[in-house]
Amino acid sequence: MRPLPLLPLAILLAGCGVAPPAGGAKAPAVMTPDLDTRSSLRLPKLGRTLAIGEGINAATDLFPPLRGAYTFNDLPSGFGEGFEARGWETRLEGFGIIAYSGRIALAMRQLFEVEKERADDLQRSLERLNQSARREIVPGPNLEYRFWLDGNNILMLLRRTNKPGFFAVTIALGERQVMAALKMTPEAARATIDRLTNPKNSPPVK
């Protein structure tokens, strides 16, 4: 079984999703996201955290571009007026957000190649910080999705075997509608795993 590729962050935020459906179906139109419903979900870094609904500066302060990073601001398809995207990417990692009216609707971090010990540490930090949320695990060939769900927010951790002892990691926290548009929900993960393990079930490419 060919492993699932981990797409560059800019491509993910441009609307391709972690594993887009065959035929390149467009993301659904995203209406006004709910950024006010309280949620305990947080994205951690170095003892600080980021939450959905915070201002854009909270994200750029916690995850500033690394030296030499490529920056981008392309919105995914299906995201219209009021939305904006900001992000950066290096050879080893990247970070990006989708904001609505100046508030964070989705934040995503990618690490393209990390040792198992660091991948495990990242997972443990998410589990400790978000232990009160409902959790779902969706395993697949050479990869595993973990989701935490609380309020109207979803936190996703995707770990994929990169090479022996190394993993590619995607962590995304977002409002449910935004996460659904980018195929980052438990339902979308199960559909992705089904396509990987049962390719005959995938719709034909038009």
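Keep in mind the model is a prediction, meaning the values are calculated, not measured.

Right, let's get into the sheet that holds strand β8 (residues 143–150). Spatially, the eight strands line up as an open sheet ordered β3-β4-β5-β6-β10-β9-β8-β7, and their pairing is antiparallel. Each end of this open sheet is capped by a strand with a single partner; those strands are β3 (70–72) and β7 (134–140). Averaged over neighbouring strand pairs, the angle between their axes works out to 10 degrees when direction is ignored. Here strand β6 (residues 103–115) runs beside strand β10 (residues 166–175); their pairing, made up of eight bridges, is antiparallel. Looking across to β10, one finds that E115 is bridged to F166. Running over the sheet, helix α3 (residues 116–129) touches β6, β7, β8, β9 (153–163) and β10 and is turned about 150 degrees from β6.

Here β8 lies mainly inside the structure; six of its eight residues are buried. Where β7 and β8 come together, seven bridges link them in antiparallel fashion. Paired with G140 across the bridge in β8 is L143. Once β7 ends, the chain turns through two residues before running back antiparallel as β8, passing N142 with a positive phi of about 65 degrees. Summarising the sheet, β8 and β9 pair through eight bridges and their orientation is antiparallel. Looking across to β9, one finds that F147 is bridged to M156. Linking two consecutive strands that pair antiparallel, namely β8 and β9, is a turn of two residues; a positive phi of about 60 degrees is found at G151 within it.

What follows concerns the nonpolar core. Core analysis: the largest hydrophobic core is formed by 53 residues, its most contacted members being L43, L50, F95, Y145, F147, M156 and V169. Per element, the largest residue contribution to this core is seven residues, and it comes from β6. If we skip the residues at most four places from it in the chain, L43 touches R48, T49, L50, L62, F63, F95, A107, I171 and L173.

Now for the confidence of the model for the protein chain. Chain-level statistics for the protein chain give a pLDDT mean of 85 and a share of 82% at 70 or above. Here helix α1 (residues 9–16) stands out as the element of the protein chain with the lowest mean pLDDT, 56, in contrast to helix α2 (residues 56–62), whose mean of 96 is the highest. Low pLDDT, under 50, characterises residues 1–6; the predicted model gives this stretch 23 contacts beyond four residues in sequence or across chains. Contacts for the low-pLDDT stretch residues 15–24, under 50 throughout, to residues beyond four places or in other chains number 25 contacts.

Tallying each qualifying case throughout the model produces five aromatic pairs. Geometrically, the ring pair formed by F63 and F95 is stacked, given 4.2 Å between the ring centres and 10 degrees between the ring planes. A residue pair is termed long-range when its members are at least 10 positions apart, and F63 in the loop between α2 and β3 and F95 in strand β5 (residues 93–100) qualify at 32 residues. With respect to burial, F63 and F95 carry one shared label: buried. Centre to centre, the rings of F83 and Y100 are 4.8 Å apart; their planes meet at 55 degrees, and the pair counts as tilted.

With that settled, the discussion passes to the pairing of strand β4 (residues 83–89). The buried count for β4 comes to five of seven residues, which makes it a mostly enclosed element. In the sheet, β3 pairs with β4 via three bridges, with the strands oriented antiparallel. Note that in β4 the partner of F72 across the bridge is G87. Summarising the sheet, β4 and β5 pair through seven bridges and their orientation is antiparallel. Each bridged residue has a counterpart across the sheet, and for E84 the counterpart in β5 is A99. What sits between β4 and β5 in their antiparallel hairpin is a turn of three residues.

With respect to the helices and strands, A51 occurs in the loop between β2 (48–50) and α2. A relative accessible area of 11% places A51 in the buried class. Sequence separation of A51 and S39 is 12 residues, and the distance between their C-alpha atoms is 8.4 Å. Not counting residues up to four positions away in its chain, the partners in contact with A51 are L41, R42, I104 and L173.

Cut-offs applied
Residues numbered from 1 in each chain as written. Predicted model: local features only at pLDDT ≥ 70, side-chain atom pairs only at ≥ 80, totals over all residues. Heavy atoms only, no water. Pairing = 2+ DSSP bridges. Helix = DSSP H or I, 4+ residues; strand = E, 2+ residues; numbered from the N terminus. Axes fitted to C-alpha atoms, helices over the stretch in contact; angles between N-to-C directions. Contact = heavy atoms within 4.5 Å. Buried < 20%, exposed > 50% of the residue type's maximum accessible area, 1.4 Å probe, protein only. Core = buried A, V, L, I, M, F, W, Y, C linked by side-chain atoms within 4.5 Å. pLDDT = per-residue confidence, 0-100. Phe/Tyr/Trp six-rings, centres within 6.5 Å; stacked < 30°, edge-to-face > 60°.

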